[in-house]
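A structural walkthrough
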Amino acid sequence: KAGVTQTPRYLIKTRGQQVTLSCSPISGHRSVSWYQQTPGQGLQFLFEYFSETQRNKGNFPGRFSGRQFSNSRSEMNVSTLELGDSALYLCASSLKTDSGANVLTFGAGSRLTVL
Amino acid sequence: AQSVTQLDSHVSVSEGTPVLLRCNYSSSYSPSLFWYVQHPNKGLQLLLKYTSAATLVKGINGFEAEFKKSETSFHLTKPSAHMSDAAEYFCVVSDHDGGSQGNLIFGKGTKLSVKP
């Protein structure tokens, strides 16, 4: 079955602009999480959505927002871009296993460069 | 609060020799622990997970990890490295069993280099 699909894969923006990234989870997965990956900070949790509701949020400013649609597809938006927002943004979907462990399946990421 | 420490930022081995990537965790609860691998310009792929069942966990591509509660460790090993193992490896802890399932804590990563 198809994996997690993220679009676009690469994009370049300038400071002050805004960007929207899209994520299509694995069919049947209702939870979608977003992570930011940078060389300095590593992988940091942004937020998680389940059934169109944000269930958890990381420690990022309000410029970072997201949403989930009824078909479980998710988007994240970053407004008023700053140079430090340059990163690989990873989306992951999950299906809770019987053991309770929450295994995430990641997409290939969207690499954002802010100039 | 939970945290995870990967003790080596970079490990270099020769092809055919054993691999050891070290990870220590801190958790207030009974943790779930994972190892993920990331190849260049790719997303993360799950190698294996520990969820309070067997302490020795076998994963894909010949990797395994042993959960040692007394040492709060979850080191990743492989008996014989292959060139295709060159990648970055992340140790991950989650304290949440159900409920919020996206709030994983990632280690800083260990880059594995494999020399021919």
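All figures in this text were calculated on a predicted structure; none of them were measured in a lab.

This next bit is on the overall build of chain B. Secondary structure assignment for chain B yields 0 helices and 12 strands. Put simply, chain B runs from its N terminus to its C terminus through helices and strands in the order β-β-β-β-β-β-β-β-β-β-β-β. Compactness check: chain B gives a C-alpha radius of gyration of 14 Å against a globular reference of 13 Å for 116 residues, within 12% of the reference. By principal-axis analysis of the C-alpha atoms, chain B measures approximately 45 × 30 × 20 Å. Relative to its 116 residues, chain B shows a buried fraction of 47%. Sequence separation of at least 24 residues holds for 57% of the intrachain contacts in chain B that already meet a minimum separation of 6.

Residue and element names in this part refer to chain A. Read from one edge of the open sheet, 4 strands run β1-β3-β8-β7, paired in antiparallel fashion. The outermost strands of the open sheet, each flanked by one partner alone, are β1 (5-7) and β7 (64-68). On average, each strand axis in the sheet is tilted by 15 degrees relative to the strand beside it, whichever way the strands run. The pairing of β7 with strand β8 (residues 74-78) spans 5 bridges and is antiparallel. From the neighbouring strand, S65 faces β8, where its bridge partner is N77.

Time to look at the layout of surface pockets. Of the pockets and cavities examined, the largest pocket occupies roughly 470 Å³. Every residue lining the largest pocket is counted, 23 residues in all, and those nearest its centre are Q37 of chain A together with Q38, E88, F90 and K111 of chain B. Elements with a minimum of two residues in the lining of the largest pocket: β4 (31-38) and β9 (87-94) of chain A together with β10 (87-94) and β12 (110-115) of chain B. By residue class, the composition of the lining of the largest pocket is 8 nonpolar, 10 polar and 5 charged. Approximately 340 Å³ is the volume attributed to the second largest pocket. As for the second largest pocket, its lining consists of 17 residues, of which L43, Q44 and F45 of chain A together with L104 and I105 of chain B are closest to the centre. Mapped by element, the contributors of at least two residues to the lining of the second largest pocket are β5 (42-50) of chain A together with β11 (105-106) of chain B.

We now examine empty space enclosed by the protein. In the structure shown here, the tally under the stated rule is 1 cavity of 30 Å³ or more. Of the volumes computed, that of the largest cavity is approximately 50 Å³. Lining the largest cavity, in full, are R9, Y10, L88, A108 and R111 of chain A together with N41 of chain B. Taken together, the residues of the lining of the largest cavity sort by class into 3 nonpolar, 1 polar and 2 charged.

Glancing now at the nonpolar core. Within the largest apolar cluster, 26 residues are counted, with the highest numbers of intra-cluster contacts made by W35, L48, F74, L76 and Y89 of chain B. At 4 residues, β10 of chain B tops the list of elements feeding residues into this core. Setting aside chain neighbours within four positions, we find Y89 of chain B in contact with Q6, L21, W35, Y36, V37, L47, F63, L76, G109, T110 and L112 of chain B. Judged by nonpolar contacts, the second largest core, of 21 residues, contains F47, V78, A87 and V114 of chain A.

Cis geometry is adopted by the peptide bond preceding P8 of chain A, which originates at T7 of chain A and carries an omega value of -10 degrees. Note that P8 of chain A resides in the loop between β1 and β2 (10-13). In the Ramachandran plot, S51 of chain A falls in the positive-phi region, its phi being about 50 degrees despite a non-glycine side chain. Note on S51 of chain A: relative accessible area 31%, which makes it partly exposed. One non-glycine residue, N61 of chain B, lies in the positive phi region at around 60 degrees. Relative to the elements of secondary structure, N61 of chain B occurs in the loop between β7 (56-58) and β8 (64-68).

Residue and element names in this part refer to chain A. Considering all chains together, one arrives at 8 salt bridges over all chains under this definition. Ionic pairing is found between E48 and R55, a salt bridge with its closest N-O pair at 2.8 Å. In this structure, E75 engages R67 in a salt bridge whose closest nitrogen and oxygen atoms are separated by 3.2 Å. Its relative accessible area of 15% is what places E75 among the buried residues.

Thresholds, definitions, all that
- Residues numbered from 1 in each chain as written.
- Chains lettered and ligands numbered in written order.
- Predicted model: local features only at pLDDT ≥ 70, side-chain atom pairs only at ≥ 80, totals over all residues.
- Heavy atoms only, no water.
- Helix = DSSP H or I, 4+ residues; strand = E, 2+ residues; numbered from the N terminus.
- Rg over C-alpha atoms; globule rule 2.2 N^0.38 Å.
- Buried < 20%, exposed > 50% of the residue type's maximum accessible area, 1.4 Å probe, protein only.
- Contact = heavy atoms within 4.5 Å.
- Pairing = 2+ DSSP bridges.
- Axes fitted to C-alpha atoms, helices over the stretch in contact; angles between N-to-C directions.
- 1 Å grid on protein atoms, 1.4 Å probe; cavity = no way out; pocket = protein on both sides within 12 Å on 5 of 7 lines; lining within 4 Å.
- Points joined across faces, edges and corners; volume = space filled by probe spheres on them.
- Nonpolar A, V, L, I, M, F, W, Y, C, P; charged D, E, K, R; others polar.
- Core = buried A, V, L, I, M, F, W, Y, C linked by side-chain atoms within 4.5 Å.
- Salt bridge = Lys/Arg side-chain N within 4 Å of Asp/Glu carboxyl O.

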